[in-house]
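Observations on the model geometry
So you can see what is in the structure, the chains are spelled out below.
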Amino acid sequence: MKTEKRYLVPGDYMADPAVHVFDGKLYIYPSHDWESGIAENDNGDHFNMKDYHVYSMDDVMNGEIKDHGVVLSTEDIPWAGRQLWDCDVVCKDGKYYMYFPLKDQNDIFRIGVAVSDKPYGPFIPEANPMKGSYSIDPAVWNDGDGNYYMYFGVVPVFLLFLPFRLITGMSLTTYHATQVFVAFFICGVFANFYMMSKRFFKKITLGMYLMLASAFSIMSIWYSVDAPALYCTAITGALCMEIWSLFFFMRAVWVEQEEKKSIRLAFFGSLFGALAFGCRPPVALANLFVIPMLVVYLKKHKFTKKLFGELVVAAMPYVVIGILLMCYNYARFESPFEFGQAYQLTAADQSSYGSIASYFSQTKMIAVANAVLYNFVNYNPICEAFPYVIFNGILLNFPILWFAVIGLSPEGVLKRMKEQQMRAFIVMLFVIPLVIAVMDALWSPFMTERYRMDQYWIMGVLCFLVIGFYHDNLSETAGRKFSCFISLWAFITIGKSILLYLVQNDGNVTYTYPEVVEQIKMILRLGIGAG
C-alpha cells in the first residue's frame, strides 16, 4: 500500500530504526544523534549519540506518533564511553530486552543489554557488556522455539556466523569472521598468481612471484586487519568470493582443455561471483571480467546447442542467487535492487541515493567526477609525526600500481598479450576499478580509505599481469635487473602498508592504544633517542 512519504520526527536526528509490534501497537527504537560541534571525519568522532527514545503508533499508516521520552542514556550505563548506535529490542517471558552497541571506556564498541517491564521503557542496563561482543548494529530474532539469536548482517550470518554457531554452539565475533575471509583471500591471491605464472610467464622467478603475491595481498587487506569490524567483514567477504571466482574462471578459460571440466570450473566461478553480490555489491562489479573471458572461451570451442546448455548450467548460480537476493531486497526494502543504502541516515541523508534520476543531474555528476579523482590521485602532505604517512589516493598510496600503465609501453608486451588472448581481459581490468569507484561515489556521501579495498585487489591483479608480460619481453640480463627492481618496489609496498596500518583511524589498535605507535617507533629506531 503506497502512501505519501512523511518524516515521523522532523525536528530531531533519529536514524537506524528497529520496529516491532508489541501488544498490537507499533514501537520504533531509533538511534538519536546530537550536534557535537566536531568536524566530520572517517573515525565518526562527530557522532554524538548519547541516549535512546522510544516512539509508538496505533495507526501505522496515518496515526500520530507518541514520544515516550529518553528510555536509556549513556549516563545510566556503568561501562559507558560514548556513542549509542543502532539498537534492537526483543520480548521474552514478559520482559523486554534492548541490545545496544556502545563504545566502552577504552573506545571499543561492545554490545550491552538493558531490561524493562514495558516495551516503552525505561530500560535498566546490565553492569557489563556481553562477553565477546565487539561489534555494532545488532538485530535479534526469535525462532519461535524459545531460542533467540543476534545477527550483525544477513549475508555474514549465512556465510559464517550461523554455520559456526550450529557446529560449535558458540558465537563468532565479526573480528574473527573478517580474519577468516582475509585468510582465504590471501590464499586466493597466491593461487591465482601461481596459476598465472605457470600459464603465461616463462621467465618469472619464484622470488619475484612470492614478493608480488605478498605485496598485493597485504596492500589489498591491510585496512581490514587494522580495523576488522562489521563493515570490513562484508568487504573482505566479497574480496574472498571474487578472488576465488577469478581463479575458477581463469582455469576454465585458459588452463583446462577438457570441456566438461572447464564447465564445472566455470560453475564454481559463477557461484563465488554471485555470492560476492550478497557481501558487497560494488566489489561484485568485478564480475564484468567474465565478459572477455566468455568471448575467449567461445573462440576456442565450437558453439553448439550442447555447449549453450552447458554454459547456461555454468551461469545458473548467478540466476539462482540473484533471484534470492532480489526477493530478500524486495521483502525488506520494497525494491529488488535496493541493498539498504538509501536507508542509512546516520552519516548523511541518503534517501535520494536510490533514485536513478538523481545520478544524471549536473551537480551529482560533478560530485562523482571529483570523488573518483579523489579516490585515485588525492594527495595529503607527509606528516611530521610517526608514521609520517596519511591516506592518499590509490595511485599515491601504492605507486607500484602505476606500472600497470607504464608496463604497456613496449610494443612486444601488447603483442604477447594478444598471443595469449589476454588483451580484452586486461582492458576490462582497467575498466573495473573505474566502474567500482563511480558506484562507490554514487552510493556514498564521502569516500573513505575503507572503500579503496573495493579496488586495491583488482588493480593488484592487473599490475601483476602487466609486470609478468613486461618481464617476459625482456632479455635475460635485463630481466634479472627488472626482477630485482620490481621486488624492491614490492618490499616498499609492504612497508607502506605497515605504515598505513599504524595511522590512527576507525577505532583501530593505534587509535585505541596510541602508545603502541611510540613503542613501534622505538623498535624501528633500535631504541636510539629513547628516554
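Conventions and cut-offs
- Residues numbered from 1 in each chain as written.
- Predicted model: local features only at pLDDT ≥ 70, side-chain atom pairs only at ≥ 80, totals over all residues.
- Heavy atoms only, no water.
- Helix = DSSP H or I, 4+ residues; strand = E, 2+ residues; numbered from the N terminus.
- Buried < 20%, exposed > 50% of the residue type's maximum accessible area, 1.4 Å probe, protein only.
- Contact = heavy atoms within 4.5 Å.
- Areas by Shrake-Rupley, 256 points an atom, 1.4 Å probe, with all protein chains shown as cover.
- Core = buried A, V, L, I, M, F, W, Y, C linked by side-chain atoms within 4.5 Å.
- pLDDT = per-residue confidence, 0-100.
- Pairing = 2+ DSSP bridges.
- Axes fitted to C-alpha atoms, helices over the stretch in contact; angles between N-to-C directions.
- Parallel < 35°, antiparallel > 145°, perpendicular 65-115°, else oblique.
- Left-handed = near helix turned anticlockwise from the far one by under 90°.
- Nonpolar A, V, L, I, M, F, W, Y, C, P; charged D, E, K, R; others polar.
- Arc of directions from axis to C-beta.
- Phe/Tyr/Trp six-rings, centres within 6.5 Å; stacked < 30°, edge-to-face > 60°.
- Lys NZ or Arg CZ within 6 Å of the ring centre and 35° of its normal.
- Salt bridge = Lys/Arg side-chain N within 4 Å of Asp/Glu carboxyl O.

Helix and strand content of the protein chain: 17 helices and eleven strands. Counting over 531 residues, the protein chain shows a buried share of 49%. The contacts of the protein chain with a sequence gap of at least 6 include a subset with a gap of at least 24, amounting to 63%. Surface exposure of the protein chain reaches about 26,200 Å², of which carbon and sulfur atoms provide 63%.

Moving on, we get to the nonpolar core. Within the largest apolar cluster, 105 residues are counted, with the highest numbers of intra-cluster contacts made by Met196, Met250, Phe289, Leu401, Phe425 and Trp457. Considering each element in turn, this core owes the most residues, 16 residues, to helix H4 (residues 230-255). In this structure, Val54, Trp79, Cys87 and Leu102 belong to the second largest nonpolar core, which totals 20 residues.

With 88% of its residues at a pLDDT of 70 or more, the protein chain shows a mean pLDDT of 86. The least confident element of the protein chain is strand S11 (residues 148-151), whose mean pLDDT is 49; the most confident is helix H14 (residues 453-472), at 97.

A few words on the sheet that holds strand S1 (residues 13-22). The four strands lie next to each other as S1-S2-S3-S4, forming an open sheet whose pairing is antiparallel. Strands at the two margins of the open sheet, each flanked by one partner only, are S1 and strand S4 (66-73). Direction aside, neighbouring strands of the sheet carry axes that sit 25° apart on average. Looking at chain direction, strand S2 (residues 25-33) and strand S3 (residues 51-57) are connected through three bridges and run antiparallel. Note on S3: the bridge partner recorded for Tyr27 is Ser56.

As for its position among the elements, Ala238 is in helix H4. On the accessibility criterion, Ala238 (0% relative accessible area) is buried. Excluding anything up to four places from it in sequence, Ala238 contacts Ala276, Cys279, Arg280 and Val283.

Turning our eyes to something else, we now look at the packing of helix H2 (residues 174-200) against helix H3 (residues 206-226). Where H2 meets H3, the closest approach of the two axes is 10 Å, and the angle between their N-to-C directions is 155°. Between H2 and H3, the angle falls in the class roughly antiparallel. Seen along the crossing, H2 lies across H3 with a hand that is right-handed. Between H2 and H3, the contacting residues are Thr178, Val182, Phe185, Ile186, Val189, Phe190, Phe193, Tyr194 and Ser197 on the first element and Tyr209, Leu210, Leu212, Ala213, Ser214, Phe216, Ser217, Ser220, Ile221, Ser224 and Val225 on the second. Residue composition of the contact of H2 with H3, grouped by class: 14 nonpolar, six polar and no charged.

This part covers helix H17 (residues 515-524). Taken together, the buried positions of H17 are Val517, Lys521 and Met522. What you see down the axis of H17 is that its buried residues fit within an arc of 135°, all on one side. Along its buried surface, H17 packs onto helix H16 (509-512). Once H17 finishes, Leu526 follows within two positions and takes phi at roughly 60°, a positive value.

This part covers the packing of aromatic side chains. Each aromatic ring pair is characterised by the separation of its centres together with the angle its planes make. Going through the model one piece at a time under the given rule, you end up with 32 aromatic pairs. Centre to centre, the rings of Phe248 and Phe272 are 5.7 Å apart; their planes meet at 15°, and the pair counts as stacked. Of this pair, Phe248 sits in helix H4 while Phe272 sits in helix H5 (residues 259-277), placing them 24 residues apart in sequence. Taken together through their ring pairs, the aromatic side chains of Phe193, Phe200, Phe201, Phe216, Phe249, Trp254, Phe289, Phe425, Phe464 and Phe469 make up a single cluster. For Lys50, the ring lying beneath its charged end belongs to Trp34, and the centroid distance is 4.5 Å.

With that settled, consider the pattern of salt bridges. Taken as a whole and assessed by the stated rule, the structure comprises eight salt bridges. A salt bridge links Lys25 to Asp58, with the nearest nitrogen and oxygen atoms 3.8 Å apart. Pair noted here: Lys25 is in strand S2 and Asp58 is in the loop between S3 and S4, with a separation of 33 residues, a long-range link. According to the relative accessible area criterion, Lys25 is partly exposed, its value standing at 25%. A residue is classified by how much of its surface remains accessible, and Asp58, at 62% relative accessible area, is exposed. Among the salt bridges present, the one from Asp454 reaches Arg280, with a minimum N-O distance of 2.9 Å. Of this pair, Asp454 sits in helix H14 while Arg280 sits in the loop between H5 and helix H6 (281-284), and the two are 174 residues apart along the sequence. According to the relative accessible area criterion, Asp454 is buried, its value standing at 0%. Assessed through its relative accessible area of 15%, Arg280 is described here as buried. Linked by salt bridges that have partners in common, Arg280, Asp440 and Asp454 make up one network.

Assignment of secondary structure puts Ser73 in strand S4. With residues near it in sequence (within four places) discarded, Ser73 still touches Lys50, Asp51 and Leu84.

So, on to the environment of Cys87. Within the element layout of this structure, Cys87 appears in the loop between strand S5 (80-84) and strand S6 (88-92). A C-alpha to C-alpha distance of 5.6 Å links Cys87 and Tyr99, two positions twelve residues apart in sequence. Apart from the residues lying within four places of it in its own chain, the contact partners of Cys87 are Ala18, Tyr29, Tyr52, Met98, Tyr99, Phe100, Pro101 and Pro138.

Quick look at the packing of H14 against helix H15 (residues 476-501) now. Packing of H14 against H15 leaves a shortest axis separation of 9 Å and a crossing angle of 155°. On the basis of their axis angle, the class for H14 and H15 is roughly antiparallel. Between H14 and H15, the contacting residues are Ile467, Tyr470 and His471 on the first element and Gly479, Phe482, Ser483 and Ile486 on the second. Taken together, the residues that form the contact of H14 with H15 break down as four nonpolar, three polar and no charged.

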